[in-house]
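# Understanding the architecture of this molecule
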Amino acid sequence: MIRVSHLSKRYGDHTAVSDISFHIEKGVIYGFLGPNGAGKSTTMNILTGCLSATAGEVMILGHNIEEEPMKAKRHIGYLPEIPPVYMDMTPREYLLFVLEAKNVPKKDRGRQLESAMEKTGVTPMQHRLIRNLSKGYRQRVGIAQALLGDPEIIILDEPTVGLDPKQIIEIRELIRELGKSHTVILSSHILSEVQSVCEKVLIISGGRLLAVDTAENLARLLSGHEKMHLTVAGDAAKALLLLETLPNCRIAGTATLENGETEITLRPLSDCDIRKSVFDLFAANGLSLLEMHTEKASLEDVFLTLTANPDEKEAQTE
Ligand code: ADP
Ligand code: MG
């Protein structure tokens, strides 16, 4: 669907995107994952023809975005980082305006309008002023706008940024639903968001593509970076000796807390759930385990792994 080859973008002497290549397959939900300033928005702006590249090529269903922008753009619906919604219009007025701007034939406008509003849940709010809608609803209007023109590919730049937790859950659900009928690319700096919504993940940092992998493989890569924190009362030295005998983890640190209890940090080996063995070990030896919790790997952990172990990189280039 999309083929990106050796894409670069420089602003003056600052390189925002550096020699990125990847391809996007039909019917998959992709996530661009990277911290702020990674180059996600720049890449999306180039894919959608809103910004021109310094070097490289973008092909959308066989059309070069620079050479045949109209033919290429027809296949893409885009929700930029700052949604282009007009506060003094109602969703209905605004979407009709977008239908006209996108040159959708008059006979198709009514159907597309109703369908986009229906899919994004905007229908009940269609006659209110956009300025009076919640941020979650404004974002829905932004997504409805992307759906107009019936594009096969939907590109959403940080679609959940600035929303409250309930709105975030609803927008993620909406994106999963869109993924059933569209190829979707979204960007996010939140690891768990990309893991929960996307099937494939492109990890971008410092303008470079560090990895392309399935969300599943990413989770496997990360499971080696979980930490487990135990709070132990009583004989901590004995607890440590016993924990050393567990085959599936290593001790990453210990700290004595103000109240005399000890916190022990363990690093489970990849794919191992050690909670039961830890619990049983303490119970069998009469030691008190007051608390046990797992700390998930962070985005920083992923970047550290990917930059430290070139072997684990699987950047899919062509
Ligand atoms: P992301 O969306 O991942 O946060 P961006 O693509 O917005 O990253 O930005 C990538 C880099 O390019 C950043 O270092 C940013 O400061 C820089 N940048 C983005 N837009 C411009 C611009 N118009 N002029 C100069 N530098 C820019
Ligand atoms: Mg951005």
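Residues numbered from 1 in each chain as written. Chains lettered and ligands numbered in written order. Predicted model: local features only at pLDDT ≥ 70, side-chain atom pairs only at ≥ 80, totals over all residues. Heavy atoms only, no water.

Taken as a whole and judged by the stated rule, the model has 13 salt bridges. Notably, a salt bridge pairs Arg-92 with Glu-114, separated by 3.3 Å at the nearest N-O pair. Of this pair, Arg-92 sits in helix α3 (residues 91–101) while Glu-114 sits in helix α4 (residues 106–120), and the two are 22 residues apart along the sequence. Two residues, Glu-170 and Lys-166, come together in a salt bridge whose shortest N-O distance is 3.2 Å. Here Glu-170 and its partner Lys-166 are both found in helix α6 (residues 165–179), four residues apart, which amounts to about one turn of the helix. Classification of Glu-170 by relative accessible area gives partly exposed; the value is 31%. A single network of salt bridges, built from pairs that share partners, joins Arg-140, Lys-166 and Glu-170. (Salt bridge = Lys/Arg side-chain N within 4 Å of Asp/Glu carboxyl O. Helix = DSSP H or I, 4+ residues; strand = E, 2+ residues; numbered from the N terminus. Buried < 20%, exposed > 50% of the residue type's maximum accessible area, 1.4 Å probe, protein only.)

For the rest of this paragraph, the subject is the domain arrangement of the protein. Think of interface size as the accessible area that goes away when the parts come together; that is how it is often given. Domain boundaries assigned for the protein yield domain 1 (2–220) and domain 2 (227–295). On a C-alpha basis, the centres of domain 1 and domain 2 stand 44 Å from each other. (Domains from an automatic or database assignment.)

Taken together, Tyr-11, His-14, Ala-16, Pro-35, Asn-36, Gly-37, Ala-38, Gly-39, Lys-40, Ser-41 and Thr-42 make up the full set of residues near ligand 1. In this structure, Ala-38 approaches ligand 1 through a main-chain N or O atom, which is 3.1 Å from an oxygen atom. The side chain of Ser-41 places a nitrogen or oxygen atom 2.8 Å from an oxygen atom of ligand 1. Relative to its unbound accessible surface of 560 Å², ligand 1 loses 61% to contact with the protein. Secondary-structure elements contributing two or more residues to the shell around ligand 1 are β2 (14–24) and α1 (40–47). In terms of residue class, the shell around ligand 1 is built from four nonpolar, six polar and one charged. (Near = heavy atom within 4 Å. Polar contact = N/O pair within 3.5 Å; in protein donor to acceptor, adjacent residues only side chain to side chain. Areas by Shrake-Rupley, 256 points an atom, 1.4 Å probe, with all protein chains shown as cover. Nonpolar A, V, L, I, M, F, W, Y, C, P; charged D, E, K, R; others polar.)

Our focus in this paragraph is the confidence of the model for the protein. When the pLDDT values of the protein are averaged, the result is 91; 96% of them are 70 or greater. Here residues 309–318 is modelled with pLDDT under 50, and outside its nearest four sequence neighbours on either side it reaches 21 contacts, counting other chains as well. (pLDDT = per-residue confidence, 0-100. Contact = heavy atoms within 4.5 Å.)

Every protein donor of the magnesium ion (ligand 2) is accounted for by Ser-41 (OG) and Glu-81 (OE), and the metal-donor separations fall at 2.1 to 2.6 Å. In this pair, Ser-41 sits in helix α1 while Glu-81 sits in the loop between β6 (76–79) and α3, placing the two residues 40 residues apart along the sequence. Judged by relative accessible area, which is 18%, Ser-41 ranks as buried. (Donors = N, O, S within 2.8 Å, 3.2 Å for Na, K, Ca; no water.)

Turning to the nonpolar core, a few remarks are in order. Counting 49 residues, the largest nonpolar core has Leu-33, Leu-156, Ile-203 and Leu-218 as its most contacted members. When sequence neighbours within four positions are dropped, the list of residues in contact with Ile-203 reads Leu-33, Arg-208, Leu-209, Leu-210, Ala-211, Leu-218, Val-302, Phe-303 and Leu-306. Judged by nonpolar contacts, the second largest core, of 28 residues, contains Val-4, Ile-20, Ile-60 and Ile-153. (Core = buried A, V, L, I, M, F, W, Y, C linked by side-chain atoms within 4.5 Å.)

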